[in-house]
2 protein chains.
Amino acid sequence: MTNNSVALDRVFHALADPSRRAIVQRLGRGPASVGELAKPLAMALPTVLQHLQVLEASKLIRSEKAGRVRTCHLEPAAFSSIEQWIGQQRAVWEARLDRMEAYVKTLSDKGTKHGK
Amino acid sequence: MTNNSVALDRVFHALADPSRRAIVQRLGRGPASVGELAKPLAMALPTVLQHLQVLEASKLIRSEKAGRVRTCHLEPAAFSSIEQWIGQQRAVWEARLDRMEAYVKTLSDKGTKHGK
């Protein structure tokens, strides 16, 4: 398993939860403190902190502490890994569909010739 | 939690595992039997079947049985949900970056005026 594979595991896993996606969505609008992130989530603070740990491990967010306040920031670059992976898969299907289309066209051209 | 949110949970969860991603990657090249999918994975058949169940629950793949052979097919449409979600997030960050850029430009224009 490559490092890249582990990074993909972490990003996909981090996004497989509605509360973590809500945090990502909120941080897209700008940095926020842990308290601000916790407010709309209606869950205990330790649970929120666990979600933030999962997001930090995936590198989708980073945080820094100033005095007693920890502020979280989105790291959009982490999305690139999964977008790139999906793009690679799409390229494979599309090449396959193109080949199938070309093959069907060959058959239909042959059919037309024989029909003449 | 909406149905769409559950669907996103399932697709992100399904892709958060290297063996499941390898299966998706293989099926991108065309349908395959469970036996063919299991061969390169070096794991017990029940484990492979569990991975296939997770992928089917996410609607990334579908399978059908003819006689004793179960054949799996990729369903690229299931990728659209996560691509759409990432696209929505990207639109929010980009709008924010554009606003920040415009603001910085305003400040630098003001600076130029005062400098004259």
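As a reminder, the structure under discussion sits directly above these lines.
A short tour of the structure in this document, coming up. Just so it is clear, the model here is predicted, and its values are computed rather than measured.

1. Here's the deal with the relation of the copies chain A and chain B
Then, number 1: Each copy superposes on the other: chain A lies on chain B with an RMSD of 0.1 Å after a rotation of 180 degrees and an axial shift of 0.0 Å. In short, the pair behaves as if placed about a two-fold rotation axis. Among all C-alpha atoms of chain A, that of F12 of chain A lies closest to the rotation axis, at 2.5 Å.
Then, number 2: The fraction of interface residues of chain A whose copies in chain B are also interface residues reaches 100%, indicating that both copies meet through the same surface.

2. A few points about the pattern of salt bridges
All names here are of chain A.
Then, number 1: Inspection of every chain in the model, using the stated rule, returns twelve salt bridges over all chains.
Then, number 2: In this structure, the salt-bridge partner of D109 is K105, at a minimum N-O distance of 3.3 Å. Note that D109 and K105 are positioned in helix 5 (residues 77–115) at a spacing of four residues, about one turn of the helix.
Then, number 3: Overall, the relative accessible area of 36% leaves D109 in the partly exposed class.

3. Examining the interface of chain A and chain B
Then, number 1: On the side of chain B, 30 residues touch chain A, which itself brings 30 residues to the contact.
Then, number 2: Across the chain A to chain B interface the summed buried area is about 2,600 Å²; carbon plus sulfur atoms make up 64%.
Then, number 3: The largest contributions to the chain A side of the interface with chain B come from R21, W85 and W93 of chain A, which together make up 23% of the buried area.
Then, number 4: If you look at where chain A meets chain B, you find four salt bridges.
Then, number 5: Where chain A meets chain B, there are six residue pairs in polar contact (both at pLDDT 80 or more).
Then, number 6: For the side of chain A that touches chain B, the leading source of residues is helix 5 of chain A, giving ten residues.
Then, number 7: In terms of residue class, the side of chain A that touches chain B is made up of 17 nonpolar, six polar and seven charged.

4. Thoughts on the pairing of strand 3 (residues 69–74) of chain B
All names here are of chain B.
Then, number 1: Bridging between strand 1 (residues 32–33) and strand 3 involves two bridges; their strand directions are antiparallel. Paired with S33 across the bridge in strand 3 is T71.
Then, number 2: Pairing geometry for strand 2 (residues 61–66) and strand 3, over six bridges, is antiparallel. Along strand 3, the bridge assignment pairs E64 with T71.

Criteria and thresholds
All chains use their own residue numbering, which begins from 1 and follows the written sequence. Chain A is the first chain written and ligand 1 is the first ligand written, with later ones labelled in order. A pLDDT threshold of at least 70 governs which residues receive local features in this predicted model, and a stricter bar of 80 or more applies before side-chain atom pairs are shown or counted, although totals over entire chains, interfaces and linings include all residues. Calculated side-chain values reflect all of the structure's heavy atoms, with hydrogen atoms and water omitted. Fitting of the copies onto one another was done by least squares over C-alpha atoms, counting residues only where both copies have pLDDT of at least 70. Two residues qualify as a contact provided that any one of their heavy atoms is within 4.5 Å of a heavy atom in the partner residue. Criterion for a salt bridge: a side-chain nitrogen of Lys or Arg within 4 Å of a carboxyl oxygen of Asp or Glu. Secondary structure elements are defined from DSSP: runs of H or I of at least 4 residues count as helices, runs of E of at least 2 residues count as strands, and each element is numbered from the N terminus. Each residue is assigned to one of three classes by its accessible area relative to the maximum for its type, calculated with a 1.4 Å probe on protein chains only: buried under 20%, partly exposed between the two thresholds, exposed over 50%. A 1.4 Å probe defines the accessible area here, and the buried area is the portion of it lost by two parts on being joined, summed over both. Pairs of N or O atoms are called polar contacts if they sit within 3.5 Å, as long as, within protein, a hydrogen donor faces a hydrogen acceptor (for residues adjacent in sequence, only side-chain-to-side-chain pairs). For this scheme, ten residues count as nonpolar: Ala, Val, Leu, Ile, Met, Phe, Trp, Tyr, Cys and Pro. Four count as charged, namely Asp, Glu, Lys and Arg, and the remainder, Gly too, count as polar. Any two strands with at least two DSSP bridges between them are considered paired.

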